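Descriptive structure summary
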Amino acid sequence: MARWDAVVVGGGHAGCEAARLLSLRGLCTALVTDRREAIGRMSCNPSVGGVGKGHLVRELDALGGLMGKAADRTGTHFRLLNASKGPAVQGLRCQSDRDCYSRTVRGLVEATPGLEVLEGRVAGLLLAGGRAAGVVLEGGGTIEARAVVLTAGTFLGAEMHVGEERTPGGRTGEFAAAALSNFLKNMGVAMLRLKTGTPCRLHRDSIRWETLERQEGDPSPEPFSLQSAPFPVLPQMACHLTRTTAATAALVRANLHRSPLYAGAIRGVGPRYCPSLEDKVVRFPHHETHQVFLEPDGLESEEVYPNGLSTSLPREVQEALVRTLPGLEEARLLRHGYAVEYDAVDPRQVTASLECRAFPGFYLAGQVLGTTGYEEAAALGLWAGYNAARALRGEPPFRLRRDEAYLAVLVDDLVTRGVTEPYRMFTSRAEHRLLLDRHSAYRRLSAYGEADGVVPAAEAAEVRDREAAVERILRRLRAERLPGTGERPTLAAWLARPGADPAELLPLLSEPAFERREVREYVASEVKGEGYRERERQEARRIARAGATALPADLAYGAIPGLSREVVERLTAARPETLGQAARIPGVTPAALTLLRVAAAGRGRA
Amino acid sequence: MPDPRGTLVAEATPPGRGSLRVVRLSGEGALALLRALFEPEGFAPWDHPRRLCLGTIQDQAGTAMDEGLAVYFAAPASFTGEEMAEFQCHGSPGVVEALKAACVALGARPALPGEFSFRAFLNGKLSLPDAEAVQALTACETALQARACGPEAARGLSRRAAGWRDRLLDVMASWEARLDFPEDAPALAGAERAGALAELSAELGELLEAAGRARPLRRGWRVALCGPPNSGKSSLFNALLQRERALVTPHPGTTRDVIEEAVDLEGLPVVLLDTAGVRAPGDPVEALGIERGLAAAREADGVLLLWDGSRGWDEETQRLLETLSEKLVAAVETRADLGPSAGDAPAGVPGFRVSNTTGEGLAALAAHLAAWARRTLPAGGLLLLNDRQLSALAEARRACDGAEALLAAGESEEVALQELRAARRALDDLLGGSDPEALYDRVFRAFCIGK
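Residues numbered from 1 in each chain as written. Chains lettered and ligands numbered in written order. Predicted model: local features only at pLDDT ≥ 70, side-chain atom pairs only at ≥ 80, totals over all residues. Heavy atoms only, no water.

1. Some words on the interface of chain A and chain B
Heads up, the condition is: Two residues form a contact once any of their heavy atoms are found within 4.5 Å. As a working definition, buried area equals the accessible area (1.4 Å probe) given up by two parts on being put together, with both sides summed. What counts as a salt bridge is simple: a side-chain nitrogen of Lys or Arg found within 4 Å of a carboxyl oxygen of Asp or Glu. Here a polar contact is recorded for every N or O atom pair within 3.5 Å, except that within protein the pair must consist of a potential hydrogen donor and a potential acceptor, and residues adjacent in sequence are included only if both atoms are side-chain atoms. Numbered from the N terminus, helices here are DSSP runs of H or I no shorter than four residues, and strands are runs of E no shorter than two. Here the term charged refers only to Asp, Glu, Lys and Arg, the term nonpolar to Ala, Val, Leu, Ile, Met, Phe, Trp, Tyr, Cys and Pro, and the term polar to all other amino acids, Gly among them.
Taken together, the 48 residues of chain A in the interface contact 47 residues of chain B. A combined buried area of about 4,100 Å² lies between chain A and chain B, and 52% of that area is made up of carbon and sulfur atoms. For the interface between chain A and chain B, the tally reads 6 salt bridges. For the salt bridge of B:R425 with A:E539, the shortest nitrogen-to-oxygen distance reads 3.4 Å. The tally of links between chain A and chain B comes to 16 residue pairs in polar contact (both at pLDDT 80 or more). Counting only elements with at least two residues in the side of chain A that touches chain B, the list comes to β4 (75-81), α8 (277-283), β16 (291-296), α16 (530-547) and α19 (590-605) of chain A. A total of 6 residues in the side of chain A that touches chain B trace back to one element, the largest contributor, which is α19(A). The residue inventory of the side of chain A that touches chain B, partitioned by class, reads 20 nonpolar, 11 polar and 17 charged.

Okay, here's the thing in structure tokens:
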């Protein structure tokens, strides 16, 4: 009998959520990491959330994840993005104190009962009867476990590039998991080569702050987790704004031949939405300038993170080009920017449980599955944790619908469509985003967390009380009318008008809950979007009905006449579970779906 | 939906006696059938795809049935994209039936109407509008119809719809980019496409309007024959049809119900409606008939008002003229063979004088009807849309207008985008294909997004 129920490989954002979830479910869990102090580290920018990403963090919180609480405790600058738009696309974002964040996460992980952190480097998987049975460490030791969750981030076969320099490693000063990458390749796991990058870091005291545009956080910010109180905890800081100049672009162009991206040293595919400075200059030559946010790294830290200056040009070029930006004329570099190339696992090889189809009991989560971003990684970690725990306890898999959570969109997109570049969440990826605003996250998801026993009873009770209050207030708003004479609309009708402020209704409703801002905003969001959401729900039902037909797991796509070879390849790679999932695979045409429907029906009869 | 598997067999030439008849096979197995049923003299069709080869057509037992030609198309270079074969044989129905029976005996299945086009669609050989055009074409009864719904017109529709979808995606990409990357908003300024949506909606509207006006081309212009009892409506109806369709008697009130028949006038489909004569009814059945006739006239595209020249323009006729004046195509004086009129139609009413007995004036009336029908058609290219296409285009337009209205009412883009997604879905449906990634390609091609 194995000593451990589960072993989680990696202590990043995915690994921490997965390991903690497994432990909360009463499973004996080991988290193996190269270095204990690197747990919960923010490798790139010191910030959490954003549009789409912020939605994920709120959902994580409703399902018992830790990222929202850690961000709330360590945030130094909170902003609600898209505040002037509707609730569906408003996103919370914060700057966190980098050191404080990783300390907090490590504290939460180490304080989890039944979770043990082990230091070591994993070189391979132990297999027994085709199932994962633990891991093999570099140096020969083994850790036996009934399930393995691999959250290796960017460390598989990683190589860092600065100009012509190439160093093995997934993060400055850290190692590259070359053995593990080779092990997976030898097992026949299909890998992708991806790329990401990070900017240089500047010394706080070398920046001429007084010349720069200042950007304050929101005066009374909203936390990611509605359980966070008091909030905010840390003193708040400002960000600053500067821009690249014609001189920056000229320097980049003059040195392109020394950029590993353009000189051909890097063949990994980077994300289009987080372009390096080289990419910006080359691909958008008509843009004279690009904005750069100077983000504080922490309260005590001397480091400043210039968001928008990701580059892997040679060190001396980086130093020169930073100084072409207003306010940075005398800036000193503490660290240079670099690009990382790494191996990721083609996510079409895992099921919607994030379990590798070829090796049951082997789960993958985070950047190693082709995503980018802390929030996406954490979401996958939590999802893998839910599923691994349920499988170990003999329970049915954990699934959510695409109209129920961004988490479901993330997982479904990855396992169905695969990736060609690191995947980032956007609200536009969720076809039913009007149903997925941050206010309703607890209503949508808390019950799942409570059922699996990972959301504390007190928290779940608080959620229920808030939902009940919101229901009561909504009933009153629909029944009661504005005071006065003549045509008196219901309070709900009044509040539904664009721009109406729910706070103005305070004198009319003596509801203690309504005095809380998050409740007022929740109520307003429910009232304003009612009609659209109903339509969206109908649409979601229609799509669900149309796509409900199950596709047999062993359907031989190659034997279906009429399917093109390309379509057969894509279907075979993704192995969709339903016709609806097949419809979301790129290149699968309505004609191909017709053929699939017939094939599935034919099997049903046989 | 027909099963997309198996080998199809069907006669490709119209049924009936002709000098040459074609039997077509499609699907895996077509080649095996061709080998079994054709004995080449010289070149074998399977060695020379796409080439007509002479030989003997035989049944499954090897008994010769006919001398003929055969041609083989290897997949995917064929109309359906599948393995195909065709036999050209002599025009005897017996041979064709025997050949089809032999194919079925060897495993082929008789094709349903349009099934070859359906296979072509499934195999990516035809777009949905193209496939529909092939089907529509086979149902066309007049030359003008064929031009307006044939492959040429369908390609035009596909092209335009693809263009609209493209522009719609541009609008959506620019809105989505601003929603998902608010911190890059300054960089996105200038991406504004004011009026792009209004322009799109206007173009969709123009097409829909033209399609609406061309609609009679599909179902025929409906022309009601109205007039007092015994004014010769049924006789004129039969005369224009050139056959005895309606019962004609000297007794007023013989026609009780509305009967309709289609006639081809100079390539235009016209549906004639024979109605009951309008008078104080003699019994409840006639009353019902009169009411139905008037209702048919009100719903028709046009009305011919008939009056008996030998009786003159009476009050009943005048009353009917006033009721139906908006729809009036012509006033027709009947029984011209009975001598000069007893009284004239009022000035300003386009009049014709016909005799159903001698045929006098009939050709002129038919020409007038055709000219009237042609005048109602939209100028420029004719496009006949089926119900599916019409409703998809109407939905796309409704959704574009809906999105504009939401923005005008102060709603934010994500709500309006719900409508634009519906518009896109409608255009995708029209074209029979969609690709969710297309939007992202556009966002990242057009905008430099960094944070």
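2. Let's talk about the layout of surface pockets
Under the convention used in this document: A cavity here means a set of 1 Å grid points, computed over protein atoms only, where a 1.4 Å probe fits but cannot escape. A pocket is an open set with protein on both sides within 12 Å along at least 5 of 7 lines, and lining residues have an atom within 4 Å of a point. Grid points are joined across faces, edges and corners, and a volume is the space filled by probe spheres set on the points.
The volume enclosed by the second largest pocket comes to roughly 840 Å³. Taken together, 42 residues line the second largest pocket, and the ones lying closest to its centre are A:A83, A:K85, A:P87, A:Q90 and A:K528. Only β4, α15 (517-528) and α16 of chain A together with α14 (413-431) of chain B provide two or more residues apiece to the lining of the second largest pocket. Sorting elements by how many residues they give to the lining of the second largest pocket places α15(A) first, with 6 residues.

3. A look at the sheet that holds strand β4 (residues 53-58) of chain B
Residues and elements named next belong to chain B. Quick reminder of the rule: The criterion for strand pairing is that DSSP finds at least two bridges linking the strands in question.
Taking strand neighbours across the sheet as the criterion, the 7 strands line up as β3-β4-β5-β6-β2-β1-β7 in an open arrangement whose pairing is mixed. Of all strands in the sheet, those bounded by a partner on one side alone are β3 (38-40) and β7 (109-110). Bridging between strand β1 (residues 8-11) and strand β2 (residues 20-26) involves 4 bridges; their strand directions are antiparallel. Looking at β2, one finds that V9 is bridged to L25.

4. Some details on the sheet that holds strand β13 (residues 201-203) of chain A
All names here are of chain A. Put simply, the rule is: Lines fitted to the C-alpha atoms define the axes, with helices restricted to the stretch that makes contact. Angles between their N-to-C directions range from 0 to 180 degrees.
Overall, antiparallel pairing links the 6 strands, which are arranged β14-β15-β16-β17-β13-β18 in an open sheet. Both outer strands of the open sheet, β14 (213-215) and β18 (333-335), are each paired with one neighbouring strand and no more. Neighbour to neighbour, the strand axes of the sheet diverge by 35° on average, direction disregarded. Here β16 runs beside strand β17 (residues 303-307); their pairing, made up of 4 bridges, is antiparallel. For L294, the partnering residue across the bridge sits in β17 and is P306.

5. A look at the domain arrangement of chain A
For clarity, the threshold we go by: Note: domain ranges come from an automatic or database domain assignment.
Domain boundaries assigned for chain A yield domain 1 (4-194 + 343-451), domain 2 (457-533) and domain 3 (548-605). The C-alpha centroid of domain 3 of chain A is placed 46 Å from the C-alpha centroid of domain 2 of chain A.

6. Some details on helix α13 (residues 387-408) of chain B
Residue and element names in this part refer to chain B. Heads up, the rule is: Residue count minus one, scaled by 1.5 Å, sets the expected span of a helix. Working definition: with a 1.4 Å probe on protein chains only, accessible area under 20% of the residue-type maximum means buried, over 50% means exposed, and in between means partly exposed.
For α13, which comprises 22 residues, the first-to-last C-alpha distance of 31 Å matches the rise-based estimate of 32 Å (1.5 Å per residue) to within 8%. Of the residues making up α13, those classed as buried are Q389, L390, A392, L393, A396, A399, C400, G402, A403 and L406. Just past α13, the residue G410 takes up positive phi, approximately 90°.

7. Comments concerning the pairing of strand β5 (residues 64-73) of chain B
Residue and element names in this part refer to chain B. Of the strand pairs in this sheet, β4 and β5 are connected by 6 bridges, and their pairing is antiparallel. If you follow T56 over to β5, its bridge partner there is E67. Between β4 and β5, which pair antiparallel in sequence order, lie 5 residues; one of them, G62, sits at a positive phi of approximately 90°. For β5 and strand β6 (residues 84-90), the ladder comprises 5 bridges, and the chain directions are antiparallel. Directly across from F73, in β6, lies its bridge partner M84.

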